[in-house]
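Residue-level structure breakdown
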Amino acid sequence: MKRKIPIIDGLFEWPSDNPRLIGTKCPLCGSVQFPKSSVCNNPECDHSAPLTECFLSTEGHLYTYTVHHYDLPEPFQYHKGPYIVGAIELPEGLIIISKIRAPNEKILKIGMKMRLKVDVLYEDDNNAYLNYFFEPVISE
Amino acid sequence: MKNSAIVSVAITEWTAAGSPTPLLIDRLAEVAVKALREAKMKPGQLDAIIANTTAIPFDNKSYITTSAQHFAHRLAERIGIKDAQCINVCAACASASIAFALADSLIKTGSIKSALVAGIDNSPSGFYLAGQSVLDPDPYAAVIKVTGATNPSYWAMWARRRAYEMGEPIEKIKELMAFVKEMHSVYGARNPYARYKRIFSTKDVLSSPVVCDPLHLYMICGTSTGGGAAVLMDGEIAKKITEKPVNIAASTVGGPIYGEPMPRLRVFSTVGGKSAEKPFKEWRIPIERAYKLAGINADDIDIIECHDTSCFHTINWIDQIMGWEREETDKLIEKKQIGHDGILPVNLSGGTASFGEAVMSQAFIMIHELFRQLRNEAQERQAKKNLNIGLCTAYGAYGAYGCIILEKGW
């Protein structure tokens, strides 16, 4: 059994049964950031309080997307075309760039509901690398 | 405040990138001397040399920056200076535009009387990826690692969103982008400095492989090497040097604003939620500021040179520069009104579509073209209409923007 490890630490909760994306929130102005940051990014905030870690909504809507038809070269060779890259608008107001998992791109429609899923991006001899994806919520 | 003007501009031929070329500093010195000679100036008379830095990849962890980050100083050594400030400017693809704006500002404040703005670049080839520095991890390397999003992915997502917001099928903007490429290639073929001379039909473009849907290969610029130089002077002195000075009505610089609703290049996420009403606010800000400084509005613009890393950029720039409803932009392009005989000529240089991108030095193509067009020296590419005011816009990663408004100074 390969060890499951996040492709980058700190982007999402792990280990977890229902992982969420991890951001930061300013306790003064409420500005939310993803990924985590050490300082507030709101130009109207006086930046006087340390940020707190927060979890982002796991559901949002598809803002836009594209199908990337080319493979990426090493060291990103596990992104093999065609793959879908999308932008997901979360209730927090942020739009997150994410790989999209969908049976095919034809079912994608801007505005449709999307849900976070943490899954294996690629494996090597020892590890399975986990990443965050969004996938369409087809029917409830 | 003083006036400032351009008295000369020279550019190199744009050539293939991704492999070593003749020594860049030699090519830069050559084009700088060409611009100085056209301005009838000796280097000893310069008050400043302001250069763009480059996108040349670093290739060994123990090498301290590359000397290409210091072209202002190295050029000064090559051509000789007596008492000039040397400044290097880094702002991704908007670098040369911002170097130009800095020179303009220094002249307008009276701090200097003359400046040589110069730069050259040899781009990385293919998708612009990012490596992890051993000392400071590059956040964009993490973005590619996680999302697989390359630069064309973002451009394609912008194009799809525009189509959606207009309520149009994706095929419509695809055809429009292909037609933009056709128009740009017609003028690239007429430009001796452009790298690509082939004229593409809309059909050729739509038959090329899809890179990031809706962007096909020929809708995305190639990567090139090239550079240029411009001599800027105090407006009063410029009039004594040339009969046809081109005045700098305004030059502005933008940045990545909080609340921009459209995900900008190379990010994981937007910042600050969607506080702007319309996307691409940060593209508009430097343009609106330039209009204010120049005391003009969009209707006064006779000709545009815009940074078209993809054909979507041309369309989006027209939207943002003219402040129209998007349907107006589409109509203008569909009716072939962006050519030399059109209502609003756009990229008669052939654009980045015909030059390929020498990343940090792109603005020289645009400044050179507007300079020649306003002086009626663009030969086969010359706009038919009477030109008084031209505008160019630069766009770079990380939210780097520049806008320059030039006008006839005679």
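Everything below is about the structure shown above.
Overview of the structure. (Residues numbered from 1 in each chain as written. Chains lettered and ligands numbered in written order. Predicted model: local features only at pLDDT ≥ 70, side-chain atom pairs only at ≥ 80, totals over all residues. Heavy atoms only, no water.)

Some remarks on the overall build of chain B
Of the regular secondary structure elements, chain B holds 13 helices and twelve strands. For chain B, the C-alpha radius of gyration of 20 Å lies close to 22 Å, the compact-globule estimate for 410 residues. Dimensions of chain B along its principal axes, counting C-alpha atoms only, are 60 × 55 × 40 Å. Buried residues in chain B amount to 63% of all 410 residues. A fraction of 75% describes how many contacts in chain B between residues 6 or more apart in sequence connect residues 24 or more apart. In the structure as shown, chain B presents an accessible area of about 15,100 Å², 52% of it carried by carbon and sulfur atoms. Computed over 45 positive and 43 negative side-chain charges, the inter-centroid distance for chain B is 3 Å. (Helix = DSSP H or I, 4+ residues; strand = E, 2+ residues; numbered from the N terminus. Rg over C-alpha atoms; globule rule 2.2 N^0.38 Å. Buried < 20%, exposed > 50% of the residue type's maximum accessible area, 1.4 Å probe, protein only. Contact = heavy atoms within 4.5 Å. Areas by Shrake-Rupley, 256 points an atom, 1.4 Å probe, with all protein chains shown as cover. Lys, Arg positive; Asp, Glu negative; His and termini not counted. Charge placed at Lys NZ, Arg CZ, Asp CG, Glu CD.)

Structural notes on the environment of Leu116(B)
For Leu116(B), the location among the structural elements is in strand β5 (residues 114-122). The spatial distance from the C-alpha of Leu116(B) to the C-alpha of Val346(B) is 27 Å, given a sequence separation of 230 residues.

Concerning the state of the cysteines
Residue and element names in this part refer to chain B. All chains considered together, the criterion is met by zero disulfides over all chains. Here Cys90 stays free of any disulfide, with the sulfur of Cys93 as its closest cysteine sulfur at 10 Å. Given the relative accessible area of 56%, Cys90 is considered exposed. In this structure Cys403 is a free cysteine whose sulfur lies 7.1 Å from that of Cys392, the closest cysteine sulfur available. (Disulfide = S-S within 2.5 Å.)

A few points about the pairing of strand β6 (residues 83-89) of chain A
Residue and element names in this part refer to chain A. Counting buried positions over the seven residues of β6 gives six, a clear majority of the element. Sheet analysis places β6 next to strand β7 (residues 95-100), joined by six bridges and oriented antiparallel. Note on β7: the bridge partner recorded for Val85 is Lys99. The loop that links β6 with its antiparallel partner β7 comprises five residues; one of these, Gly93, has a positive phi angle of about 100 degrees. (Pairing = 2+ DSSP bridges.)

A closer look at the packing of aromatic side chains
This model, assessed by the stated rule, comprises 17 aromatic pairs over all chains. Taken together, a centroid distance of 5.9 Å and an interplanar angle of 75 degrees make the contact between Phe34(A) and Phe268(B) edge-to-face. Taken together, the residues span two chains, with Phe34(A) in the loop between β3 (32-33) and β4 (52-55) and Phe268(B) in the loop between β9 (246-254) and α9 (281-294). Comparing Phe34(A) with Phe268(B), the two get one shared label, buried. Measuring from ring centre to ring centre gives 4.8 Å for Tyr122(A) and Tyr129(A), while their planes differ by 25 degrees; the resulting arrangement is stacked. Three or more aromatic residues link up through ring pairs in this structure, and these residues are Trp158(B), Phe280(B), Trp283(B), Phe312(B), Trp317(B), Tyr395(B) and Tyr401(B). Looking at Arg20(A), its charged tip hangs above the ring of Phe55(A), at a distance of 4.0 Å from the centre. Taking the ring centre of Phe133(A) as reference, the NZ or CZ of Arg101(A) above it sits at 3.8 Å. (Phe/Tyr/Trp six-rings, centres within 6.5 Å; stacked < 30°, edge-to-face > 60°. Lys NZ or Arg CZ within 6 Å of the ring centre and 35° of its normal.)

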